[in-house]
Amino acid sequence: MHFDLPPIDQQAERLIELGVHEMAGLSAGDVRAAAAAGHGDAGLLTVHEKLAPASVLTPLLRYKSKSGFVVVDMADVDLFAPTEQAMLPESALHLLGEVDRGDHLANWSPDEALPAIVDADRTPLTLTEGIHWLLQRPDILERGKCFMTIGSRLRKPDGSFDTRTPAVWISNGTGRDGKDNRNAPKVGWCWWGNRHTWLGFASASDRVPLPN
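Below is a summary of the structure that appears in this document. (Residues numbered from 1 in each chain as written. Predicted model: local features only at pLDDT ≥ 70, side-chain atom pairs only at ≥ 80, totals over all residues. Heavy atoms only, no water.)

### Examining the sheet that holds strand 1 (residues 44–47)
- Taken in spatial order, the three strands make up an open sheet running 1-6-14, and their pairing is antiparallel. The open sheet has two free edges, formed respectively by strand 1 and strand 14 (206–209), since each of these has just one partner strand. Neighbour-to-neighbour, the strand axes of the sheet open up by a mean angle of 35°, direction not taken into account.
- With four bridges joining them, strand 6 (residues 93–97) and strand 14 adopt antiparallel strand pairing. By the bridge assignment for strand 14, Leu 95 is matched with Val 208.
- Packed on one face of the sheet, helix 1 (residues 8–18) meets strand 1 and strand 6 and runs near 35° to strand 1. (Pairing = 2+ DSSP bridges. Helix = DSSP H or I, 4+ residues; strand = E, 2+ residues; numbered from the N terminus. Axes fitted to C-alpha atoms, helices over the stretch in contact; angles between N-to-C directions. Contact = heavy atoms within 4.5 Å.)

Right, dumping it as structure tokens:
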């Protein structure tokens, strides 16, 4: 499902308001200049994950006044890196075009969804890109309609992929999440071969680097 985004200059101000620029070692002027360079383009303004990793961005997420959190068994969340289908520009900031939640792929496994995304000439979102999307549009996260970010995978020492797949959804506050995290945005994982009726697959049309 497609969601309209604020103008790029407003997205820049939102990131500055949240302090993302400081976390990334950028000045407010850096972010505003990058946004100005992308003026006239449509897309999601995103800071490179090397500068603003998932562990830093996740607490900025909000749902019903609750802050985001990373599940306890994903302490290695920042080691999940872009796959060959989701290569990031080297620039500090880039734009993602035509971001979509992928509701039509709900109840598909990541293994089934990835070829469909690529065949449609699209690219899967990485985890930090998905988080950026929610920072601009928190309402995209809905109960029963959340999303995976299969552009991020963890490579094991033997070269194979870890079978955990990053996703963002809303916690029920059960199990190790804890009651205090009920209704909080949750960065977690699902198995690569499993299907979930309430998880789509976020994707974009392209990535456009912005001048540093």
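From this point, the narrative continues.
### Looking at empty space enclosed by the protein
- Using the criterion set out here, one finds one cavity of 30 Å³ or more in the structure.
- In this structure, the largest cavity encloses a volume near 50 Å³.
- What lines the largest cavity is Leu 61, Arg 62, Tyr 63, Leu 134, Pro 138, Leu 141 and Pro 185.
- Its residues assigned to classes, the lining of the largest cavity shows six nonpolar, no polar and one charged. (1 Å grid on protein atoms, 1.4 Å probe; cavity = no way out; pocket = protein on both sides within 12 Å on 5 of 7 lines; lining within 4 Å. Points joined across faces, edges and corners; volume = space filled by probe spheres on them. Nonpolar A, V, L, I, M, F, W, Y, C, P; charged D, E, K, R; others polar.)

So yeah, pure geometry; function would need other evidence.
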